[in-house]
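Observations on chain architecture
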Amino acid sequence: MSKPKVAFFDFTCCEGCQLTVVDSLQTHPELLDAVEIVQFREAMSEKGEDYQIAFVEGSLARPADAERVRGIREKAQVLIALGACAHLGGINTIRNRQKLVDVRKYVYGDKYEWFDAYEARPISAAVKVDYFIPGCPIDRFEFLEVVKALLQGRTPKIPDYPMCVECKLKENVCMYDIGKTCIGPITRAGCGAICPSYGDGCEGCRGLITNPNLNAAKDVLEEHGLTVKEIMDQTDLFGTYQMMEMEGVSYD
């Protein structure tokens, strides 16, 4: 029986999620016996175009990116968004709050017209995404579980409950009780509440849970003398695209 062929692709990102994959494969080399990696720029120079599973890291930042990811989608039986940039649009979408021409001038100066660009967005804005692995970067153990599930013909299970659950299980002191902000009440769990465990509030790199209880979140803010704007500004770090969608903003 032939091994499933796997390819990794990157768009606008730091490629930290792919480096996490490399680390995972170093500690769990048995996965290399179960799949055949045909394309992975971070780890190999060979490029194969015959693959069944595609992992895509990075957000779409120019029209040509959408065309390229559609080509990947056409070849792949399964496509997985790898990390916050591919899943949410990520940090790259912060620029969407500004006029695109101003952003291009700031970055490229008087050569700004030489470089094509559009409002940054997640890959799901252009193609159907079968599964996603959230986070910035992804969690290596979650990546391993997703791969194992796919190889066994199971649907990968990504947590869809608030990160506060993990904080309580770890008996962490709530960030609000020590005068800090945190968007754990509406952020997808699965990271082990790593940031609050080290004294920092959650910044939402795993995205919002399905149907977040925003009213309850507002009650928490009011209880601690904070405003909705303060928490929404924090959500914009990784979730600008989602927040602007909720505001009714759309792109061509």
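Check the entry above for the structure.
Residues numbered from 1 in each chain as written. Predicted model: local features only at pLDDT ≥ 70, side-chain atom pairs only at ≥ 80, totals over all residues. Heavy atoms only, no water.

Between its terminal C-alpha atoms helix α9 (residues 228–246) stretches only 15 Å, short of the 27 Å expected from 19 residues at 1.5 Å a residue. Of all bends in α9, the biggest is about 115 degrees, found at Gly-239. Residues Ile-231, Gln-234, Thr-235, Asp-236, Phe-238, Gly-239, Thr-240, Tyr-241, Gln-242, Met-243 and Met-244 constitute the buried set of α9. Packed against the buried residues of α9 are α3 (84–88) and α8 (214–223). (Helix = DSSP H or I, 4+ residues; strand = E, 2+ residues; numbered from the N terminus. Expected span 1.5 Å × (residues − 1). Bend = angle between axes of the 7 residues up to and from the residue. Buried < 20%, exposed > 50% of the residue type's maximum accessible area, 1.4 Å probe, protein only. Contact = heavy atoms within 4.5 Å.)

So, on to a negative patch on the surface. On the surface, Asp-177, Asp-219, Glu-222 and Glu-223 cluster together into a patch of negative charge. Along the polypeptide, Glu-222 turns up in helix α8. Take Glu-222: its relative accessible area is 59%, and that puts it in the exposed class. (Patch = residues over 30% accessible without salt bridge, like charges linked within 9 Å, V, L, I, M, F, W, Y side chains within 5 Å. Areas by Shrake-Rupley, 256 points an atom, 1.4 Å probe, with all protein chains shown as cover. Salt bridge = Lys/Arg side-chain N within 4 Å of Asp/Glu carboxyl O. Lys, Arg positive; Asp, Glu negative; His and termini not counted. Charge placed at Lys NZ, Arg CZ, Asp CG, Glu CD.)

Walk down a regular strand and you will see the side chains alternate between the two sheet faces. Across the five residues that make up strand β4 (residues 78–82), a large majority, four, are buried. Summarising the sheet, β4 and strand β5 (residues 131–133) pair through three bridges and their orientation is parallel. Following the sheet pairing, Leu-82 is matched in β5 by Ile-133. (Pairing = 2+ DSSP bridges.)

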